[in-house]
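In case you want the letters, here they are:
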Amino acid sequence: KAGVTQTPRYLIKTRGQQVTLSCSPISGHRSVSWYQQTPGQGLQFLFEYFSETQRNKGNFPGRFSGRQFSNSRSEMNVSTLELGDSALYLCASSLVPPGSLQETQYFGPGTRLLVL
Amino acid sequence: GENVEQHPSTLSVQEGDSAVIKCTYSDSASNYFPWYKQELGKGPQLIIDIRSNVGEKKDQRIAVTLNKTAKHFSLHITETQPEDSAVYFCAATGIAYDKVIFGPGTSLSVIP
């Protein structure tokens, strides 16, 4: 079974631009969570989607948004990029939402975003 | 709010020695505790997990212990090898809060 895939793997943008990242979960998984990882802040939770609905959201500004499609694939968008948005963006999928039924999350390789 | 503490933040051991990473969680309703290993340039990979109805779980050189009373859980790696060098994250989750809470990570270096 294929793992979680994320595209693109690397991205360079300039301040003020917007970016869209994509995540394809493991086949059959309906929950997708997004995390931002920076050296100083560790893994920071962005949001979680299940059955096309955002169920939970972390403490990030409204510039960060996401959506999930009927095939469970998910995208996240960051508008008006800032230098501080440079990070590794990780997507994780699970059968059902984290917290319910002690379900395991599996991570993708991440998209490394550099904002200049 | 929910919180997971992890110690130490960095750990250096000689090849063949054991390594122990300890985590503490705040919410007594937590019932699932996964451990992830992240190698440079890769996403975190699940290496072992434990559920709240179990006190210990082993998988070859890796073991995890859980003390629900003290709200502690630990990762034990025996006979460490250079390929064990990575960042390790502990995490906790439970039905009360619908997301996974991660510890800040431990950077493990195994010296040949």
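Keep in mind that what you see is a predicted model, and the values were worked out from it rather than measured.

K.L.:
Would you take a moment to explain the overall build of chain B for this structure?
P.N.:
The helix and strand inventory of chain B stands at 0 helices and 11 strands. Secondary structure of chain B in N-to-C order comes out as β-β-β-β-β-β-β-β-β-β-β. The globule rule puts the C-alpha radius of gyration for 112 residues at 13 Å, and the 13 Å found for chain B is close to it. Expressed as lengths along the three principal axes of its C-alpha atoms, the size of chain B is roughly 45 × 30 × 20 Å. When burial is assessed residue by residue, chain B has 46% of its 112 residues classed as buried. A total accessible area of about 5,400 Å² is found for chain B, and carbon and sulfur atoms account for 47% of it. Counting 10 positive and 13 negative side-chain charges, chain B places the centres of these two groups 4 Å from one another.

K.L.:
What is the right way to look at the overall build of chain A in this model?
P.N.:
Helix and strand counts for chain A come out as 0 helices and 11 strands. Each helix and strand of chain A, placed in order from N terminus to C terminus, yields the pattern β-β-β-β-β-β-β-β-β-β-β. Against the globule reference of 13 Å for 116 residues, chain A gives a C-alpha radius of gyration of 13 Å, in line with a compact fold. Dimensions along the principal axes, computed over C-alpha positions, put chain A at roughly 40 × 25 × 25 Å. Counting the 116 residues in chain A, one finds 53% classified as buried. In chain A, 56% of the contacts between residues at least 6 apart in sequence involve partners at least 24 apart. Carbon and sulfur atoms make up 50% of the accessible area of chain A, which amounts to about 5,300 Å² in all.

K.L.:
Looking at this model, I keep getting lost on the sheet that holds strand E7 (residues 62–67) of chain B. Mind explaining?
P.N.:
Backbone hydrogen bonds hold the strands of a sheet together, and the pairing may be parallel or antiparallel. All names here are of chain B. With respect to topology, 5 strands assemble into an open sheet ordered E1-E3-E8-E7-E6, the strand pairing being antiparallel. If you trace the sheet from one side to the other, it starts and ends with strand E1 (4–7) and strand E6 (56–59), each paired once. Within this sheet the neighbouring strands show an average axis-to-axis angle of 15°, counted without direction. Bridge analysis of strand E3 (residues 19–25) against strand E8 (residues 72–77) gives 6 bridges, and the strand direction is antiparallel. Opposite Ala19, over in E8, you have Ile77 as the bridge partner.

K.L.:
Is there a simple way to think about the interface of chain A and chain B in this case?
P.N.:
By a widely used convention, the size of an interface equals the accessible area lost when the partners come together. Each partner contributes residues to the interface: chain A has 20 residues there, and chain B has 21 residues. Each partner contributes to the roughly 1,700 Å² buried at the junction of chain A and chain B, and carbon and sulfur atoms together form 53% of this total. Here chain A and chain B share 0 salt bridges between them. Here chain A is connected to chain B by 4 residue pairs in polar contact (both at pLDDT 80 or more). Broken down by secondary-structure element, the contributors of at least two residues to the side of chain A that touches chain B are strand E4 (31–38), strand E5 (42–50), strand E6 (53–57), strand E9 (87–94) and strand E10 (106–107) of chain A. It is E5 of chain A that provides the largest number of residues to the side of chain A that touches chain B, a total of 3 residues. Partitioned by chemical class, the residues of the side of chain A that touches chain B number 9 nonpolar, 7 polar and 4 charged.

K.L.:
Help me out: how do you make sense of the pairing of E4 of chain A in this one?
P.N.:
The two faces of a sheet get side chains in turn, since along a regular strand they alternate between them. With 8 of 8 residues buried, E4 of chain A lies mostly within the body of the structure. Counting the residues between successive antiparallel strands, the hairpin from E4 of chain A to E5 of chain A contains 3 residues.

K.L.:
Explanation requested: a nonpolar patch on the surface in the structure shown.
P.N.:
All names here are of chain A. On the surface, a cluster of nonpolar side chains totalling about 300 Å² of accessible area is made up of Ile12, Leu114 and Leu116. Positionally, Leu114 belongs in strand E11 (residues 111–115). Taking relative accessible area as the criterion, Leu114 reaches 39% and is therefore assigned partly exposed.

K.L.:
Explain the environment of Lys22 of chain B here, please?
P.N.:
All names here are of chain B. Position of Lys22 relative to the elements: it lies in strand E3. The class of Lys22 is exposed, set by a relative accessible area of 53%. Each C-alpha atom, one on Lys22 and one on Glu56, is 14 Å from the other, the two residues being 34 residues apart in sequence. In this structure Lys22 touches Glu5, Gln6, His7, Phe73 and Ser74, once residues within four positions along its chain are discounted.

Each value, and the rule that gives it
- Residues numbered from 1 in each chain as written.
- Chains lettered and ligands numbered in written order.
- Predicted model: local features only at pLDDT ≥ 70, side-chain atom pairs only at ≥ 80, totals over all residues.
- Heavy atoms only, no water.
- Helix = DSSP H or I, 4+ residues; strand = E, 2+ residues; numbered from the N terminus.
- Rg over C-alpha atoms; globule rule 2.2 N^0.38 Å.
- Buried < 20%, exposed > 50% of the residue type's maximum accessible area, 1.4 Å probe, protein only.
- Areas by Shrake-Rupley, 256 points an atom, 1.4 Å probe, with all protein chains shown as cover.
- Lys, Arg positive; Asp, Glu negative; His and termini not counted.
- Charge placed at Lys NZ, Arg CZ, Asp CG, Glu CD.
- Contact = heavy atoms within 4.5 Å.
- Pairing = 2+ DSSP bridges.
- Axes fitted to C-alpha atoms, helices over the stretch in contact; angles between N-to-C directions.
- Buried area = accessible area lost by both parts, 1.4 Å probe.
- Salt bridge = Lys/Arg side-chain N within 4 Å of Asp/Glu carboxyl O.
- Polar contact = N/O pair within 3.5 Å; in protein donor to acceptor, adjacent residues only side chain to side chain.
- Nonpolar A, V, L, I, M, F, W, Y, C, P; charged D, E, K, R; others polar.
- Patch = residues over 30% accessible without salt bridge, like charges linked within 9 Å, V, L, I, M, F, W, Y side chains within 5 Å.

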